[in-house]
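Residue-level listing of the chains:
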Amino acid sequence: MEGQKLLIDGQRLRETLERFADFGRTSNNGVTRLSLSEEDRQVRDYFCECCKELGMEITIDDLGNIYATLPGIEDKAPILMGSHLDSVKKGGRFDGVLGVVAGLEVVRTLVENKVVPRLPLTIVNFTNEEGARFEPSMMSSGILSGKFDKEEMFKKTDASGITFGEALRAIGYEGKQKARLNDARAFLELHIEQGPILEQESLSIGVVECVVGMVCYEWEVLGESDHAGTTPMPLRKDALFTAVDMMMELRNKLTKLDKELVYTMGRVNAEPNIHTVIPDRVVFSLEARHKDPKVIQEVENIIASVQESFSGKECEVKNRKLWGRDTVMFDEALCGALEKSAESLGYSYKRMVSGAGHDAQFIASMVPTAMVFVPSINGKSHSEVECTEWEDCEKGVNVLLETVMELQSK
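Attention here is on the structure that accompanies the text.

Calculation rules
- What you see as residue numbers is a count from 1 along each chain, following the sequence as written.
- Whole-chain, interface and lining totals are the exception, using all residues; otherwise, since this is a predicted model, local features are given only for residues with pLDDT of at least 70 and side-chain atom pairs are given and counted only at 80 or more.
- To obtain the side-chain values, all non-hydrogen atoms of the structure were included, while hydrogens and water were left out.
- Helix and strand labels come from DSSP, where a helix needs a run of H or I of at least four residues and a strand needs a run of E of at least two; each type is numbered from the N terminus.
- Classification of residues uses two cut-offs on accessible area relative to the type maximum, computed with a 1.4 Å probe and protein chains only: under 20% is buried, over 50% is exposed, and between them is partly exposed.
- Note on contacts: a residue pair qualifies if any of its non-hydrogen atoms lie within 4.5 Å across the two residues.
- Each accessible area value is a Shrake-Rupley result obtained with a 1.4 Å probe; residue values ignore everything except the protein chains displayed when judging cover.
- When charges are counted, Lys and Arg contribute as positive and Asp and Glu as negative, whereas His and the chain ends are disregarded.
- Taken as the charge location is NZ of Lys, CZ of Arg, CG of Asp or CD of Glu.
- Only buried residues count toward a nonpolar core, which is a set of Ala, Val, Leu, Ile, Met, Phe, Trp, Tyr and Cys residues joined through side-chain atoms within 4.5 Å.
- Polar contacts, as used here, are pairs of N or O atoms within 3.5 Å; protein pairs need one atom able to donate a hydrogen and one able to accept it. Residues neighboring in sequence count only if both atoms are side-chain atoms.
- Being paired, for any two strands, means DSSP has found at least two bridges between them.
- Throughout this description, the term salt bridge denotes a Lys or Arg side-chain nitrogen within 4 Å of a carboxyl oxygen of Asp or Glu.
- Think of it this way: a Phe, Tyr or Trp ring, Trp meaning its six-membered ring, pairs with another when their centres are within 6.5 Å, and the plane angle makes it stacked under 30 degrees, edge-to-face over 60, tilted otherwise.
- Two limits define a charge over a ring: the Lys NZ or Arg CZ must be within 6 Å of the ring centre, and within 35 degrees of the ring normal.
- Think of a patch as exposed residues, more than 30% relative accessible area, with no salt bridge, where like charges cluster within 9 Å and nonpolar side chains (Val, Leu, Ile, Met, Phe, Trp, Tyr) cluster within 5 Å.
- We call a pair of cysteine sulfur atoms a disulfide whenever their separation is within 2.5 Å.
- Under this scheme, a helix contributes an axis fitted over its contacting stretch, all axes are lines through C-alpha atoms, and angles between N-to-C directions fall in the 0 to 180 degree range.
- Two helices crossing with the near one rotated counterclockwise from the far one by less than a right angle form a left-handed crossing, whereas a clockwise rotation gives a right-handed crossing.
- In this classification, Asp, Glu, Lys and Arg are treated as charged, Ala, Val, Leu, Ile, Met, Phe, Trp, Tyr, Cys and Pro as nonpolar, and every other residue, Gly included, as polar.

1. Notes on the overall build of the protein chain
Turning to step 1, where the next piece is worked out: Helix and strand counts for the protein chain come out as twelve helices and 14 strands.
Turning to step 2, where the next piece is worked out: The buried share of the protein chain, reckoned over its 410 residues, is 53%.
Turning to step 3, where the next piece is worked out: Intrachain contacts of the protein chain at a sequence separation of at least 6 include 79% that bridge at least 24 residues.
Turning to step 4, where the next piece is worked out: Roughly 18000 Å² of accessible area belongs to the protein chain as shown, and the carbon and sulfur atoms make up 47% of that amount.
Turning to step 5, where the next piece is worked out: Between the averaged position of the 48 positive side-chain charges in the protein chain and that of its 67 negative side-chain charges there is a distance of 1 Å.

2. Some remarks on the nonpolar core
Turning to step 1, where the next piece is worked out: Ranked by size, the top nonpolar core spans 88 residues in total, and within it F20, F47 and I123 carry the most contacts.
Turning to step 2, where the next piece is worked out: At nine residues, helix 3 (residues 97–112) tops the list of elements feeding residues into this core.
Turning to step 3, where the next piece is worked out: Those residues in contact with I123 that sit more than four places away from it in its chain are F47, C51, M56, I66, Y67, A68, M81, V100, G103, L104 and V107.
Turning to step 4, where the next piece is worked out: Listed in part, the 24 residues of the second largest apolar core include A239, A243, C315 and V317.

3. Considerations on the environment of S354
Turning to step 1, where the next piece is worked out: In this structure, S354 sits in strand 13 (residues 349–354).
Turning to step 2, where the next piece is worked out: Between the alpha carbons of S354 and E209 there is a distance of 8.0 Å; along the sequence they are 145 residues apart.
Turning to step 3, where the next piece is worked out: Residue contacts for S354: discarding those within four places in its chain leaves V208, C210, V211, V212 and F373.
Turning to step 4, where the next piece is worked out: Among the polar contacts made by the side chain of S354, one reaches the side chain of H358 at a distance of 3.3 Å.

4. A closer look at the pairing of strand 2 (residues 66–70)
Turning to step 1, where the next piece is worked out: With five of five residues buried, strand 2 is to be regarded as a mostly interior element.
Turning to step 2, where the next piece is worked out: Of the strand pairs in this sheet, strand 1 (residues 57–60) and strand 2 are connected by four bridges, and their pairing is antiparallel. Each bridged residue has a counterpart across the sheet, and for I58 the counterpart in strand 2 is A68.
Turning to step 3, where the next piece is worked out: Hairpin connection from strand 1 to strand 2: five residues lie between these consecutive antiparallel strands, with G64 at a positive phi of about 85°.
Turning to step 4, where the next piece is worked out: Relative to strand 4 (residues 121–125), strand 2 runs antiparallel, the two sharing five bridges. For A68, the partnering residue across the bridge sits in strand 4 and is I123.

5. Focus: the pattern of salt bridges
Turning to step 1, where the next piece is worked out: Considering all chains together, one arrives at 33 salt bridges under this definition.
Turning to step 2, where the next piece is worked out: Here E18 ties to R25 by a salt bridge, and the two come within 3.1 Å at their closest N and O atoms.
Turning to step 3, where the next piece is worked out: By relative accessible area, R25 is classed as partly exposed at 30%.
Turning to step 4, where the next piece is worked out: Note that K76 is salt-bridged to E74, the shortest N-O span being 3.1 Å.

6. Focus: unusual backbone geometry
Generally, phi is negative for residues other than glycine and the peptide bonds are trans, each holding for most cases.
Turning to step 1, where the next piece is worked out: P136 follows E135 through a cis peptide bond whose omega is 5°.
Turning to step 2, where the next piece is worked out: Mapped onto the fold, P136 is located in the loop between strand 4 and helix 4 (139–144).
Turning to step 3, where the next piece is worked out: At the junction of E271 and P272, the peptide bond is cis and its omega measures out at 5° in the coordinates.
Turning to step 4, where the next piece is worked out: Looking at where P272 falls in the secondary structure, it is placed in the loop between strand 9 (268–271) and strand 10 (281–290).

7. Details of the packing of aromatic side chains
Turning to step 1, where the next piece is worked out: For the structure shown, the criterion picks out eight aromatic pairs.
Turning to step 2, where the next piece is worked out: Measuring from ring centre to ring centre gives 5.8 Å for F126 and F187, while their planes differ by 85°; the resulting arrangement is edge-to-face. Residue F126 is located in the loop between strand 4 and helix 4, and its partner F187 is located in strand 5 (residues 186–192); the two are separated by 61 residues in the primary sequence.
Turning to step 3, where the next piece is worked out: Since its relative accessible area comes to 1%, F126 is described here as buried.
Turning to step 4, where the next piece is worked out: Among the residues examined, F187 registers a relative accessible area of 0% and is labelled buried.
Turning to step 5, where the next piece is worked out: Ring-pair connections join several aromatic residues into one group, and the members of that group are F20, F23 and Y46.
Turning to step 6, where the next piece is worked out: Over the ring of F154 we find K150; its NZ or CZ atom is 5.1 Å from the centre of that ring.

8. Focus: a nonpolar patch on the surface
Turning to step 1, where the next piece is worked out: Together, M233, L240, F241, V244 and M248 line one region of the surface with nonpolar side chains, adding up to about 450 Å² of accessible area.
Turning to step 2, where the next piece is worked out: Relative to the assigned elements, M233 resides in the loop between strand 7 (213–222) and helix 8 (239–255).
Turning to step 3, where the next piece is worked out: The exposure class of M233 is exposed, given its relative accessible area of 52%.

9. With respect to the side chain of T69
Turning to step 1, where the next piece is worked out: You can see T69 is positioned in strand 2.
Turning to step 2, where the next piece is worked out: In this structure the side chain of T69 is engaged in a polar contact, spanning 2.8 Å, whose partner is the side chain of T122.
Turning to step 3, where the next piece is worked out: When neighbours within four sequence positions are excluded, T69 is seen to be in contact with M56, E57, P120, L121 and T122.

10. Some details on the state of the cysteines
Turning to step 1, where the next piece is worked out: On inspection of all chains with the given rule, the structure shows zero disulfides.
Turning to step 2, where the next piece is worked out: Unpaired in this structure, C216 has its nearest cysteine sulfur neighbour in C210, at a distance of 19 Å.
Turning to step 3, where the next piece is worked out: A residue is classified by how much of its surface remains accessible, and C216, at 10% relative accessible area, is buried.

11. Details of the packing of helix 8 against helix 9 (residues 293–310)
Turning to step 1, where the next piece is worked out: Relative orientation of the contacting elements helix 8 and helix 9 amounts to 145°, with a least axis distance of 10 Å. Regarding helix 8 and helix 9, the two cross each other, and that crossing is right-handed. Counted together, T242, D245, M246, E249, L250, K253 and L254 of helix 8 and V299, I302, I303, S305, V306, S309 and F310 of helix 9 form the full contact between these two elements.
Turning to step 2, where the next piece is worked out: A class-by-class count of the residues in the contact of helix 8 with helix 9 yields eight nonpolar, three polar and three charged.

Following this line, the structure appears as structure tokens:
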């Protein structure tokens, strides 16, 4: 197979992506396909039908993960491709599903060209990557990799009180634990960037070298409620004013730390939230992301310094670390193979990091893993306006195909 150059059918890829979008398509041409919903069951059924038509063997594990395998000449560990089919509410047509359909198109290309792979090829659909219906996100890959406890996860409930386990059984996709992923030659996940970098730099391909580390803190500021019209300003203990001052100090210090650091104060609650009452309690979140653990440590040092500078003043200030994750580096040899594929196809590319989480970050602890990004128009994702040019989708899948062919020859 060495030296053989195949290209996918771009029109077929487009038609397939549009067909998958029919399962949960919204009036604004987005997709709502929450994990283990009826729409999810339908798209799973369709995916399995497509794979069976290609002579692939379907297995389903106890987490609802679907593995579709094209046998190889040698009965060895497979090369994995895939992502997820679930979406957020009013999400887009490309997030997750592109990675699954990409695997399907790779196999279709091999089958129609009568190429029998040396190593088996497996397309995987991971259950509940988004966490939009059942928290947390990346649930099943987290269980596979030992990051989450299955019994605890199966008790997670949606807004209607239905547990993950109940919903999985209801759609008929609870398989056997023995079917779980346990060995593979490699895992390759193609995904839209969900950010603006590739488009801004007019590049077609992103070779993702890591998923960045992050920390998330919650701050609580406690003051005193009093009448908004009768309490003199010097006598107030206004929790919101103190919280705003803290936010500004945090922003000033974090902005100067590193140009690649991103941070967000995305949740703010003020009590009692009445315009005639001085707020007595404010809670706000702060999360920060960066690939270098030293920078993340500096973030935590800044948090500690701001905590100290505001302690002992008119309001009581407390913070707690909600959670954090370390940077996950992807397999260097696979990243190199993806670069080589992009170069051989004449596509522009760059090495980059992922600020968003993906199943690949958990699977990387089990098998050699790497990711490919393709541009997102205006950086939009988790939105009905999410879009990637069809030509860029095609290029991403061609890089995937070329890399699979290269791995087959080794």
